[in-house]
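Reading the structure
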Amino acid sequence: MRRDALRSRQAILAAAREVFAAASSAPMSEVARRAGLGEATLYRHFPDRARLMAALADENLAVLERLATEHAGSPGAFEMLLSALVGDQTGSPGLVLAIRNGSGRDEHADYARRLRALLREPIRAAQAAGLLREDFTPEDALLIGYMVDGVLARAAQAGPATGARVLDLVWRGIGHRLADG
């Protein structure tokens, strides 16, 4: 990819993060405007909303993959990854909702598959250390994400403190916090 095209793509993704964090149903034209680009440039990079949302989801997953790699084998890796996931949800609920609702069924299924695969080893390490219930699965981690979605939809003043409280309640059900162990 040419340097100018790469800069445009990065500007679009950064603008989309801001725009959709504020309003999950914002128009694509607002993304182009915030990126300082024309709509034609936006649509050359992302022909539709689903592809833009898939690219944002890929970026989110890449961050989690880096964290998982950096902390591979650590019993605390799963707690850190779950905290990062919930942090994303509570920090930018509009963006998470936009990604979830805006990506196509295939893209969402692929993201969920990749996330499950990413969480398998950290879950095993936490279970081996006695920090996590033995029957906990990667699918359960996705369920926690959906539970957080429900809390955010109901909590008028949801935010990082809400996410921290949800995590505290969840940890009491699925395992032990590292600080308690």
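Refer to the structure presented above.
Residues numbered from 1 in each chain as written. Predicted model: local features only at pLDDT ≥ 70, side-chain atom pairs only at ≥ 80, totals over all residues. Heavy atoms only, no water.

What about the nonpolar core?
- Judged by nonpolar contacts, the single largest core of 48 residues is most densely connected at Phe20, Val31, Leu52, Phe78, Leu115 and Ile174.
- For this core, the secondary structure elements donating two or more residues are helix H1 (3-22), helix H2 (28-35), helix H4 (49-70), helix H5 (77-91), helix H6 (93-102), helix H7 (105-128), helix H8 (138-154) and helix H9 (160-174). (Core = buried A, V, L, I, M, F, W, Y, C linked by side-chain atoms within 4.5 Å. Buried < 20%, exposed > 50% of the residue type's maximum accessible area, 1.4 Å probe, protein only. Helix = DSSP H or I, 4+ residues; strand = E, 2+ residues; numbered from the N terminus.)

Brief notes about the packing of H7 against H8
- Between H7 and H8, the least distance of the axes is 8 Å, while the angle of their chain directions is 120°. One element, H7, and the other, H8, form an angle in the oblique class. Handedness of the crossing formed by H7 with H8: right-handed. Between H7 and H8, the residues in contact are His108, Ala112, Leu115, Arg116, Leu119, Arg120 and Ile123 and Pro138, Glu139, Ala141, Leu142 and Tyr146, respectively.
- Considered class by class, the residues forming the contact of H7 with H8 number 8 nonpolar, 1 polar and 3 charged. (Axes fitted to C-alpha atoms, helices over the stretch in contact; angles between N-to-C directions. Parallel < 35°, antiparallel > 145°, perpendicular 65-115°, else oblique. Left-handed = near helix turned anticlockwise from the far one by under 90°. Contact = heavy atoms within 4.5 Å. Nonpolar A, V, L, I, M, F, W, Y, C, P; charged D, E, K, R; others polar.)

Topic: the pattern of salt bridges
- All chains considered together, the criterion is met by 12 salt bridges.
- The shortest N-O distance in the salt bridge between glutamate 30 and arginine 33 comes to 2.6 Å. One end of the pair is glutamate 30 and the other is arginine 33, both in helix H2 and 3 residues apart, which spans about a single turn.
- The salt bridge involving glutamate 30 is made with arginine 34; its shortest N-O contact spans 3.4 Å. With glutamate 30 and arginine 34 both in helix H2, this residue pair falls 4 residues apart, about one helical turn.
- Three or more residues joined by partner-sharing salt bridges are found here, namely Asp58, Glu65, Asp110, Arg113 and Arg114. (Salt bridge = Lys/Arg side-chain N within 4 Å of Asp/Glu carboxyl O.)

Details of the side chain of glutamine 127
- Locating glutamine 127 in the fold gives a position in helix H7.
- Exposure remark for glutamine 127: the relative accessible area of 11% places this residue in the buried category.
- Dropping the residues within four chain positions of it, glutamine 127 is found in contact with Leu132, Arg133, Glu134, Asp135 and Phe136.

A look at H5
- Relative to the 21 Å expected for 15 residues at 1.5 Å per residue, H5 spans 20 Å between its end C-alpha atoms, a close match to the ideal helical length.
- Residues of H5 that are buried include every one of Ala77, Phe78, Glu79, Leu81, Leu82, Leu85, Val86, Gln89 and Thr90, and no others. (Expected span 1.5 Å × (residues − 1).)

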